[in-house]
Amino acid sequence: MLKKTFYSTCKVMHQVLCLSTMNRVFKTRFFSRWMRKSELTDKALCDAVMEMIHGLIDADLGGGIIKKRIGIAGKGKRSGARTALATNKNDRWFFVFGFQKNTRSNINSEEKEALRLMAEDLLSMSATELDLACQQNELQEICHEN
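Please read all numbers here as calculations on a predicted model, not as lab measurements.

What counts and what doesn't
- Residues numbered from 1 in each chain as written.
- Predicted model: local features only at pLDDT ≥ 70, side-chain atom pairs only at ≥ 80, totals over all residues.
- Heavy atoms only, no water.
- Buried < 20%, exposed > 50% of the residue type's maximum accessible area, 1.4 Å probe, protein only.
- Helix = DSSP H or I, 4+ residues; strand = E, 2+ residues; numbered from the N terminus.
- Salt bridge = Lys/Arg side-chain N within 4 Å of Asp/Glu carboxyl O.

Examining unusual backbone geometry
Turning to step 1, where the next piece is worked out: Even without being a glycine, K89 presents a positive backbone phi close to 60°.
Turning to step 2, where the next piece is worked out: Look at K89 and you get partly exposed, because its relative accessible area is 44%.
Turning to step 3, where the next piece is worked out: If you check the backbone angles, N137 has positive phi at about 60° while not being a glycine.
Turning to step 4, where the next piece is worked out: Mapping N137 onto the fold places it in the loop between α5 (127-135) and β6 (139-142).
Turning to step 5, where the next piece is worked out: Residue N137 is classed as exposed on the basis of its relative accessible area, which comes to 55%.

See the structure below:
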């Protein structure tokens, strides 16, 4: 019985620790527009961030950009959405680009470079600048302590 209680307590503590590491998650205005056309939800994005916190990253493209497949209801990850995030892999996650696998196969080199520049800008923003960007609808914050 003690072992089961210890395990449950550790599991809860681990989830709380993960939520605290997942400090701020955003999607850009461009990403939000694309998302409206897909069947992707904010919950799916938040779940993907939790997976990445646990090390489940599909590809590190360098310069603070990572690629993550996200399942869409009824399609799963294989046929779902591909997303690019700007992140410091610690406490800031920005969904910046998305596409469906059936519309294109990957991100080209020019897009990667543009995403790296965007990541540099986003990751250098202060908390005040992030709040202002949210007020101006340039960014939308999601995953408020799921």
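Section: the pattern of salt bridges
Turning to step 1, where the next piece is worked out: One pass over the structure, following the stated rule, counts 9 salt bridges.
Turning to step 2, where the next piece is worked out: D131 is the partner of R24 in a salt bridge, and the nearest nitrogen-oxygen pair spans 2.8 Å. In this pair, R24 is assigned in strand β1 (residues 24-28) and D131 in helix α5, connecting sequence segments 107 residues apart.
Turning to step 3, where the next piece is worked out: Residue classification places R24 among the buried positions, given a relative accessible area of 16%.
Turning to step 4, where the next piece is worked out: D47 serves as the salt-bridge partner of K43, at 2.8 Å between the closest nitrogen and oxygen. Placement of the pair is K43 and D47 together in helix α3 (residues 42-53), with a separation of 4 residues, close to one helical turn.
Turning to step 5, where the next piece is worked out: Judged by its relative accessible area of 56%, K43 is exposed.
Turning to step 6, where the next piece is worked out: Using a relative accessible area of 33% as the deciding quantity, one classes D47 as partly exposed.
Turning to step 7, where the next piece is worked out: The structure contains a network of salt bridges with shared partners spanning R24, D131 and E141.

Limitation: the analysis is restricted to geometry and does not speak to function.
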